[in-house]
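# Observations on the model geometry
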Amino acid sequence: MEGLKLLLVFGIMMVLLGRRAPLGPVMLGSSLLLAALYHTGPVAFLGMAWQATRSPATLELEVILALIMLFEHLLGEQGYLERMLQGLRGLIRNRRLVMALLPAFIGLMPSAGGALFSAPLVGQAAARTAIAAEEKSFINYYYRHIWEYFLPLYPGVLLASRLSGIPLPHLIAALAPYGLLVILLGIPALRRVKIEPEGEGREGLPAGRRTLARELFLSILPVLVVVALVLVFHVEVGLAVGVVLLFLLVRHRYTPLKFWHLCREAIAVKTLLLVWGVMLFKEVLVDTRAVDGLPSLLAMLPVPEFLIFGLISFLVGMLTGLTVAYVGIAFPIVMTAVGGQISLPLAVFIFVAGFTGNMLTPMHLCLALTVDFFKADLRKVLRMMVGPEAALLAVAVAAYLAF
């Protein structure tokens, strides 16, 4: 069956990643294998690679990531990050809470590069502690995504409402509890993070709370401006980061030579190539129509229909790492199967099931970038993710059965 080919490729991919093979070469090899299994010749594959390279989505993402790298490095160079964390540590004594708040705040911006934006902040907050790279990766990745379940700034929620015909306020109201539940389910893992005794001390309290609050506001102001431009004025993320970056370059009197050094130190070509590898796999996935064989394969399973729908959404989310992909693929399939009208409980279940798969795959760019940044073991990070994600999916199943 056609669907088995796709599951075979994904299985090989997970085995290789489990053996700590580099993600970039694994993505390229998986793309080649997937293309070969679906009878794609060398010329056609090169065409897919070219299309993935010149795709506006790829180019925009690469530019955004490069700008975020420059922005983050400049903030570190000019002391913004250090002052920000001193203020947070002075005002909030709990180091774990500080680390969770940082990616949650950056997560308000609907950008694939947001995980790379918050990762250095989490790293700074975890400085002088014994926190493992995997724990920092979990905190950065997990708490970055609490808003995506219901915030209408994210395209997945808007697309789900548009495809299902369910009014957006109704869908948001039904999905919002899952955002809160994600926060609560992450608390046990957060509490298990070991902080050295001095990590919770008073190192950031040389000044009064008012002074600390003022310093915190000034240090976080560039990030606040970016978030405000995106949320309030609906400016594209790349443009918002670019405008603020340009202002900071002028304010801190960066000469062309100094800016060149900034670019050399900040822009990680390896990360940009990793992003290209992920986008190539997605291009091959679309062009070969490999996902089309999944529904007929899953329909053979002796389980209730709603679980089949959830499994389709889960697998598409896991295979693509994109919210818009599982919404765009799973919702039309389900609506066709149920006669064109989908209920709110079923829509919520399908959305949560897809997002669970989305959070448990290296195809999710935020996970790939986070693990690469902290040099963490992907297997250990995924093991930390399984508990809260499985609990969330269990709640979604129970909620569907109850309502």
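Residues numbered from 1 in each chain as written. Predicted model: local features only at pLDDT ≥ 70, side-chain atom pairs only at ≥ 80, totals over all residues. Heavy atoms only, no water.

Each helix and strand in the chain was counted, giving 20 helices and 0 strands. For 403 residues, the compact-globule estimate of 2.2 N^0.38 gives 22 Å, and the chain sits close to it at 22 Å. Taken over the C-alpha atoms alone, the chain extends approximately 65 × 50 × 40 Å along its principal axes. Looking at the chain as a whole, 53% of its 403 residues are labelled buried. In the chain, once contacts between residues fewer than 6 apart in sequence are set aside, the share between residues at least 24 apart is 80%. Accessible surface, the chain as shown: approximately 17,900 Å² in total, 69% of it carbon and sulfur. Averaging the positions of the 31 positive and the 23 negative side-chain charges in the chain gives two centres separated by 7 Å. (Helix = DSSP H or I, 4+ residues; strand = E, 2+ residues; numbered from the N terminus. Rg over C-alpha atoms; globule rule 2.2 N^0.38 Å. Buried < 20%, exposed > 50% of the residue type's maximum accessible area, 1.4 Å probe, protein only. Contact = heavy atoms within 4.5 Å. Areas by Shrake-Rupley, 256 points an atom, 1.4 Å probe, with all protein chains shown as cover. Lys, Arg positive; Asp, Glu negative; His and termini not counted. Charge placed at Lys NZ, Arg CZ, Asp CG, Glu CD.)

Here we come to the confidence of the model for the chain. On average, residues of the chain score 84 in pLDDT, and 93% of them are at 70 or above. When pLDDT is averaged over each element of the chain, helix α18 (residues 344-359) comes out on top at 95 and helix α15 (residues 294-298) at the bottom at 73. Across residues 198-206, confidence stays below pLDDT 50; counting only partners more than four residues off in sequence or on other chains, it has 18 contacts. (pLDDT = per-residue confidence, 0-100.)

It is worth spelling out unusual backbone geometry at this point. Positive phi values are uncommon outside glycine, yet His-39 reaches one of about 60°. Residue His-39 is classed as exposed on the basis of its relative accessible area, which comes to 69%. Even without being glycine, Arg-253 reaches a positive phi, approximately 55°. In this fold, Arg-253 is placed in the loop between α12 (237-251) and α13 (256-266).

By the definition in use, this model includes 2 salt bridges. Residue Arg-214 is joined to Glu-215 by a salt bridge in which the shortest nitrogen-to-oxygen separation is 3.6 Å. Classification of Arg-214 as exposed rests on a relative accessible area of 53%. (Salt bridge = Lys/Arg side-chain N within 4 Å of Asp/Glu carboxyl O.)

Attention now goes to the packing of helix α3 (residues 42-54) against helix α14 (residues 269-287). In contact at an axis separation of 9 Å, α3 and α14 are set at 125° when each is read in the N-to-C sense. Looking at the two axes, α3 sits oblique to α14. Considering only the axes of α3 and α14, their crossing is right-handed. Here Phe-45, Met-48, Ala-49, Gln-51, Ala-52 and Thr-53 of α3 lie close against α14, whose contacting residues are Trp-276, Met-279, Leu-280, Glu-283, Val-284 and Asp-287. (Axes fitted to C-alpha atoms, helices over the stretch in contact; angles between N-to-C directions. Parallel < 35°, antiparallel > 145°, perpendicular 65-115°, else oblique. Left-handed = near helix turned anticlockwise from the far one by under 90°.)

On to the packing of aromatic side chains, then. Tallied over the full model, the rule gives 10 aromatic pairs. Within the aromatic cluster, the residues linked to one another by ring pairs are Tyr-149, Tyr-326, Phe-351 and Phe-355. Here Lys-5 stacks its cationic end above the ring of Tyr-38, 5.2 Å away from the centre of that ring. We note Arg-83 situated over the ring of Tyr-80; from NZ or CZ to the ring centre the distance is 5.1 Å. (Phe/Tyr/Trp six-rings, centres within 6.5 Å; stacked < 30°, edge-to-face > 60°. Lys NZ or Arg CZ within 6 Å of the ring centre and 35° of its normal.)

Once that is clear, we can look at the environment of Ala-189. Along the chain, Ala-189 falls in helix α10 (residues 168-192). Put simply, Ala-189 and Leu-224 are 35 residues apart on the chain and 28 Å apart in space, counted from C-alpha to C-alpha.

Residues Leu-8, Ile-12, Leu-16 and Leu-33 make up a contiguous nonpolar surface patch of roughly 290 Å² in combined accessible area. On the secondary structure map, Leu-8 appears in helix α1 (residues 2-18). (Patch = residues over 30% accessible without salt bridge, like charges linked within 9 Å, V, L, I, M, F, W, Y side chains within 5 Å.)

Right, let's talk about α18 for a bit. Here α18 is 16 residues long and its end C-alpha atoms lie 22 Å apart, about the 22 Å a rise of 1.5 Å per residue gives. Of all 16 residues in α18, 14 are buried, a share of seventy percent or more. (Expected span 1.5 Å × (residues − 1).)

What follows covers the environment of Arg-191. Its location among the elements puts Arg-191 in helix α10. Its relative accessible area of 66% is what places Arg-191 among the exposed residues. The sequence separation of Arg-191 and Leu-97 amounts to 94 residues, and the corresponding C-alpha distance is 9.6 Å.

When you line up the elements, Phe-281 lands in helix α14. Overall, Phe-281 belongs to the buried group, its relative accessible area being 0%. Residues Phe-281 and Leu-32, 249 residues apart in the sequence, show an inter-C-alpha distance of 8.6 Å. When neighbours within four sequence positions are excluded, Phe-281 is seen to be in contact with Val-9, Met-13, Met-27, Ser-30, Ser-31, Leu-34, Leu-319 and Met-363.

The next subject is the side chain of Thr-356. Within the element layout of this structure, Thr-356 appears in helix α18. With relative accessibility at 1%, the residue Thr-356 sits in the buried group. The contact partners of Thr-356, leaving out residues within four places of it in the chain, are Phe-314, Glu-389 and Leu-393.

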